[in-house]
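Per-entry structural report
The primary structure of each chain is shown beneath.
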Amino acid sequence: MARADPEVAAVKKLLSLRVLAPSVALGVIAGVVLWFVGAPGWWAVATGLVAAAAIALWRGHPSLEEPIWGKLTGERGRGARDDVQVLGWAVADLRGHIQPRALERVRGVARDRLAQRGLDLDAASDRPAIEALIGRRAYATLHSDVAHMPSQAALLASLDALDRVGLPGAARH
């Protein structure tokens with residue numbers, strides 16, 4: 001089943017009884033009140049119509065809780081076209097500390113890179129060998145918790161350390 005266009009969905013919502021009935025009722029009340037206090041009939045009708053239209057548009061406008069477009073679901077494959085863009089927007093918060101999502105992505109890179117050397121990032125027994133390869137600071141950055149998120153500089157230093165490790169048998173530049 002194909003999803004309806006966002007414009008069609010917005011018009012259907014605007015014309016729904018839940019939006020239209022209160023708007024018309026308030027527009028009629030506004031017009032009657034204006035006519036009752038002495039406004040000319042045409043002015044009261046015009047103002048009532050404008051009020052009804054404004055209220056209908058306000059009530060029919062999609063709220064933040066009801067997005068027009070649904071969120072992406074499902075897991076994207078590794079190396080998807082927007083992979084770098086998504087990671088780039090998810091890296092830092094306003095204070096310059098990295099987001100947990102970005103740290104998990106970097107940990108994934110570290111796990112892959114270290115697994116090719118037979119090391120497990122999460123194994124305590126491999127800690128001395130991993131620290132010898134990437135350094136203590138990079139190891140500590142990769143094991144940061146949510147309460148003490150590292151800075152961007154620490155994350156970049158960890159990525160540089162992982163880059164220096166390289167792949168087994170790969171030529172270094």
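Structure first, text after, so check above.
Here's what I pulled together on the structure shown here. (Residues numbered from 1 in each chain as written. Predicted model: local features only at pLDDT ≥ 70, side-chain atom pairs only at ≥ 80, totals over all residues. Heavy atoms only, no water.)

**Topic: the side chain of Glu131**
Operational definition: In this text, helices come from DSSP runs of H or I with a minimum length of four residues, and strands from runs of E with a minimum of two, each type numbered from the N-terminal end. Whether two residues are in contact is decided by their heavy atoms: any pair within 4.5 Å suffices.
On the secondary structure map, Glu131 appears in helix α6 (residues 127–134). Glu131 has contacts with Arg136 and Tyr139, leaving out every residue within four places of it along the chain.

**Here we look at helix α2 (residues 17–36)**
The periodicity of an α-helix, 3.6 residues per turn, causes residues three or four positions apart to be oriented the same way. Inclusion rule: Helix span, expected: 1.5 Å multiplied by one less than the number of residues in the helix. Burial status follows relative accessibility: with a 1.4 Å probe on protein chains alone, a residue under 20% of its type maximum counts as buried, one over 50% as exposed, and anything between as partly exposed. Comment: arc refers to directions from the helix axis out to C-beta atoms.
Spanning 20 residues, α2 covers 28 Å between terminal C-alpha atoms, matching the ideal 28 Å at 1.5 Å per step. Of the residues making up α2, those classed as buried are Val19, Ser23, Gly27 and Gly31. Viewed end-on, α2 has its buried residues packed into an arc of 80°, placing them on one side of the element. Residues of α2 that are exposed and point more than 90 degrees away from the buried face comprise Leu17, Arg18 and Phe36.

**Here we look at the nonpolar core**
Note the cut-off: Nine residue types can take part in a nonpolar core, namely buried Ala, Val, Leu, Ile, Met, Phe, Trp, Tyr and Cys, and a core is a set of them joined through side-chain atoms within 4.5 Å.
In this structure, Ile98, Leu121, Ile130, Ile134 and Leu142 are the most contacted members of the largest nonpolar core, which totals 19 residues. Elements that contribute at least two residues to this core include exactly α5 (100–115), α6, α7 (136–142) and α8 (152–165). By residue number, the principal contributor to this core is α5, which donates 5 residues. Sequence-distant contacts of Ile134, defined by excluding residues within four places in its chain, comprise Tyr139, Leu142, Ala161, Leu162 and Val165.

**Description of the pattern of salt bridges**
Put simply, the rule reads: Criterion for a salt bridge: a side-chain nitrogen of Lys or Arg within 4 Å of a carboxyl oxygen of Asp or Glu.
Throughout the structure, instances matching the rule amount to 4 salt bridges. Across the salt bridge formed by Arg107 and Glu104, the nearest N and O atoms sit 2.5 Å from each other. Here Glu104 and Arg107 lie together in helix α5, a separation of 3 residues that amounts to about one turn. On the basis of relative accessible area, Arg107 is assigned to the buried category, the value being 12%. According to the relative accessible area criterion, Glu104 is partly exposed, its value standing at 41%. Residues joined by salt bridges that share partners form a network here, namely Arg127, Glu131 and Arg136.

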